[in-house]
Amino acid sequence: MMRGLLTGTWMVATAAMLTACGGGGDGSSPPPAPSATPTPSPVPVPGLTACTLRSRQDWAAAQLREWYLFPETLPASLDPSPYSTADAYVDALTATARGQGRDRYFTYLTSIAEENAYYSSGSDVGLGVRFATDPAQRRLFVLEAFEGSPALNAGIDRGAEVLAIGTTTANLRTVSAIATAEGLAGVEAALGPDTDGTVLVLRIADAGGTRNVTVTKRAFELTPVSSRYGSRIIDYSGHRIGYVNLRTFISTADPALRNAFAQFRAQGVTEIVVDLRYNGGGLVSIAELLGDLMGGGRTPSDVFSYMTYRPEKSAQNRTHYFASQPQSIAPTRVAFIGTGSTASASELVINGFIPYLGDRAVLVGGNTYGKPVGQIAIDRAECDDRLRVIAFKTENSARAGDYYNGIASSVRVSCRSEDDIGYPLGDAREAMTRQALDFIVGGGCTPIGSATAALRSDRVGVAAERALLMPDRPRTAQREVPGLF
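The text that follows walks through the structure, step by step, so that each part is easy to find. (Residues numbered from 1 in each chain as written. Predicted model: local features only at pLDDT ≥ 70, side-chain atom pairs only at ≥ 80, totals over all residues. Heavy atoms only, no water.)

**Here we look at empty space enclosed by the protein**
And then number 1: Under the counting rule described, the total for this entry stands at six cavities of 30 Å³ or more.
And then number 2: Lining the largest cavity are Phe 336, Ile 350, Phe 353, Ile 354, Gly 358, Ala 361, Val 362, Leu 363, Val 411, Arg 412 and Val 413.
And then number 3: Those elements that provide at least two residues to the lining of the largest cavity are α9 (345–357) and β20 (361–365).
And then number 4: Taken together, the residues of the lining of the largest cavity sort by class into nine nonpolar, one polar and one charged. (1 Å grid on protein atoms, 1.4 Å probe; cavity = no way out; pocket = protein on both sides within 12 Å on 5 of 7 lines; lining within 4 Å. Points joined across faces, edges and corners; volume = space filled by probe spheres on them. Helix = DSSP H or I, 4+ residues; strand = E, 2+ residues; numbered from the N terminus. Nonpolar A, V, L, I, M, F, W, Y, C, P; charged D, E, K, R; others polar.)

**Things to note about the packing of aromatic side chains**
And then number 1: Tallying each qualifying case throughout the model produces twelve aromatic pairs.
And then number 2: Geometrically, the ring pair formed by Tyr 309 and Phe 392 is tilted, given 5.5 Å between the ring centres and 45° between the ring planes. You can see Tyr 309 sitting in strand β17 (residues 303–309) and its partner Phe 392 sitting in strand β22 (residues 385–395), a full 83 residues away along the chain. Across the pair, exposure class does not vary: Tyr 309 and Phe 392 are buried alike.
And then number 3: If you follow Arg 102 out to its NZ or CZ, it ends over the ring of Phe 70, 4.2 Å from the centre. (Phe/Tyr/Trp six-rings, centres within 6.5 Å; stacked < 30°, edge-to-face > 60°. Buried < 20%, exposed > 50% of the residue type's maximum accessible area, 1.4 Å probe, protein only. Lys NZ or Arg CZ within 6 Å of the ring centre and 35° of its normal.)

**Here we look at the pattern of salt bridges**
And then number 1: One pass over the full model with this rule turns up 35 salt bridges.
And then number 2: A salt bridge links Lys 313 to Glu 66; the nearest nitrogen and oxygen atoms lie 2.6 Å apart. With a gap of 247 residues between them, Lys 313 in the loop between β17 and β18 (318–321) and Glu 66 in helix α1 (residues 53–67) connect regions that are remote in the sequence.
And then number 3: For Glu 66, a relative accessible area of 30% puts it in the partly exposed group.
And then number 4: Taken together, the salt bridges that share partners define one network made up of Arg 130, Glu 144, Glu 147, Asp 157, Arg 228 and Arg 247. (Salt bridge = Lys/Arg side-chain N within 4 Å of Asp/Glu carboxyl O.)

**Considerations on the packing of helix α7 (residues 253–266) against helix α8 (residues 284–293)**
Think of two packed helices as two axes; the pair is described by the angle between the axes and how far apart they sit.
And then number 1: Running from N to C, α7 and α8 point in directions that differ by 10°, and their axes come no closer than 10 Å. Put simply, α7 runs roughly parallel to α8. The segment α7 lies against α8, with Ala 253, Asp 254, Leu 257, Arg 258 and Phe 261 engaging Ile 286, Leu 289, Leu 290 and Leu 293. (Axes fitted to C-alpha atoms, helices over the stretch in contact; angles between N-to-C directions. Parallel < 35°, antiparallel > 145°, perpendicular 65-115°, else oblique. Contact = heavy atoms within 4.5 Å.)

**Points about helix α2 (residues 86–93)**
And then number 1: For α2, every residue scored as buried is listed here: Ala 86, Tyr 89, Val 90, Asp 91 and Leu 93.
And then number 2: Looking at the packing, one finds that the buried side of α2 touches α1, α3 (95–99), β4 (108–111) and β22.

**Description of the pairing of strand β10 (residues 199–206)**
Moving residue by residue along a regular strand, the side chains alternate between the two faces of the sheet.
And then number 1: Looking at chain direction, strand β8 (residues 161–166) and β10 are connected through five bridges and run antiparallel. Considered in β10, the bridge of Gly 166 is made with Val 201.
And then number 2: Sheet analysis places β10 next to strand β11 (residues 209–216), joined by eight bridges and oriented antiparallel. Bridging across to β11, Val 199 finds its partner in Thr 216.
And then number 3: The hairpin turn running from β10 into β11, its antiparallel successor, is two residues long. (Pairing = 2+ DSSP bridges.)

**A closer look at the state of the cysteines**
And then number 1: One pass over the structure, following the stated rule, counts two disulfides.
And then number 2: Note on cysteine connectivity: Cys 51 is disulfide-linked to Cys 383, with sulfurs 1.9 Å apart. Across the S-S bond linking Cys 51 and Cys 383, the dihedral sits near -90°, which makes this disulfide left-handed. Here Cys 51 is found in the loop between β3 (17–19) and α1, whereas its partner Cys 383 is found in the loop between β21 (373–380) and β22, with 332 residues between them in sequence.
And then number 3: Look at Cys 383 and you get buried, because its relative accessible area is 15%.
And then number 4: Disulfide pairing is shown between Cys 415 and Cys 445; the S-S distance is 2.0 Å. Here the disulfide of Cys 415 and Cys 445 is left-handed, its torsion about the S-S bond being about -65°. Linking Cys 415 in strand β23 (residues 414–416) with Cys 445 in the loop between α10 (431–440) and β24 (467–468), this pair joins segments that are 30 residues apart in sequence.
And then number 5: When its relative accessible area of 0% is taken as the criterion, Cys 415 is described as buried. (Disulfide = S-S within 2.5 Å.)

**Quick word on the sheet that holds β20**
And then number 1: Pairing is mixed in the open sheet, where six strands are placed in the order β13-β14-β15-β19-β20-β23. Each edge of the sheet is formed by a strand with only one pairing partner; in this case those strands are β13 (231–236) and β23. Mean inter-strand twist for the sheet, computed between neighbouring axes without regard to direction, equals 20°.
And then number 2: In the sheet, β20 pairs with β23 via three bridges, with the strands oriented parallel. The residue of β23 that forms the bridge with Val 364 is Cys 415.

Here's what the structure looks like:
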């Protein structure tokens, strides 16, 4: 089976760049196909009878030669023998495109069952927080905690600093000591395996003081639009402005986004803030839905996006035209909040509105990651292997889409701002949210890239520029929700 996906990648602790995408099967019925992309059978490979390393490598290579968007970059032949894993062989096959900045670990092998669980419901196991480090990589902060997660249930939320990590109070080690001795890989290891029942003791400092918190990793379902701050109407300088924060493009975002825009429509809201600051991407279908919900002023002949495969696969090309929904609004001004963790499906949405809104749309925060391409998923069910292959590029109605270095240079207006974890997301006092609101009511700003904003200490004493904590080999949920543990 092949499924279309747009997902991003992020700066990992070692400054390497990694990414991923999803969808699959565990013997139960798979979730609905996320978009109208084709679902052909995998390319047959003679002689494959078992899930040996060599058979998995040969199978992956055959699929890449059939579907890869950059076939000219694949080696004419490459002996798989020196590679100890199928993942390492895929990395070697795609090394040229990665060196060119066109495939920064967007092509990889993953688990069918794991992807299906995440994309259908946001299912994951862990603490349920998003971590980031300070620029010196010696401190650990919580950017976000997810509803129903063990961390939030234990009172850990945005703005908290993790001072020490252990499995008991007797073996607590400070984050600074771990990072100094072992780097961020040591911090990740100290956080333990993401298995149900893993117990951690964390020394936390936040507005309530410093304390030790015992928390047990459990299964939870990540909510794509927070029930606390994901959607609201903000009264600001005489304007009623809609705010929606989308964490990830998964199936359960559909009803949440519809509910948010139904509220905006009922209240006559036409000025909106779309907060995608940590959103690494996901399903094409949800990106198209978000476009439709903001496309109330568009006609059925207006193009939202083009999806284009390599020439010999042009029969798979498709165009998404705006399709008005019962909840759609016709926005007059839109502020998109983004950072270097904003990627892929998030960038597709921003790019889709550039030709229509012009200088009535703004990118607030920082430059985005830069991923104008998308993956298909090809499954080998007997091995629980899903190969995510970069197979198509995305463009807006003006056929613009080569933003491999981020979308800031493509938007007509941008406003630089910092992520202020001293305030909740969606709070008008939070720096990025405030800058977005200021743009909507006619305020000025410093463009992204025209000047380097000075690092500013927020209320918990961390410089505002941080890096999300990412393992070298993230699981599906971590690829789509960067910084998730």
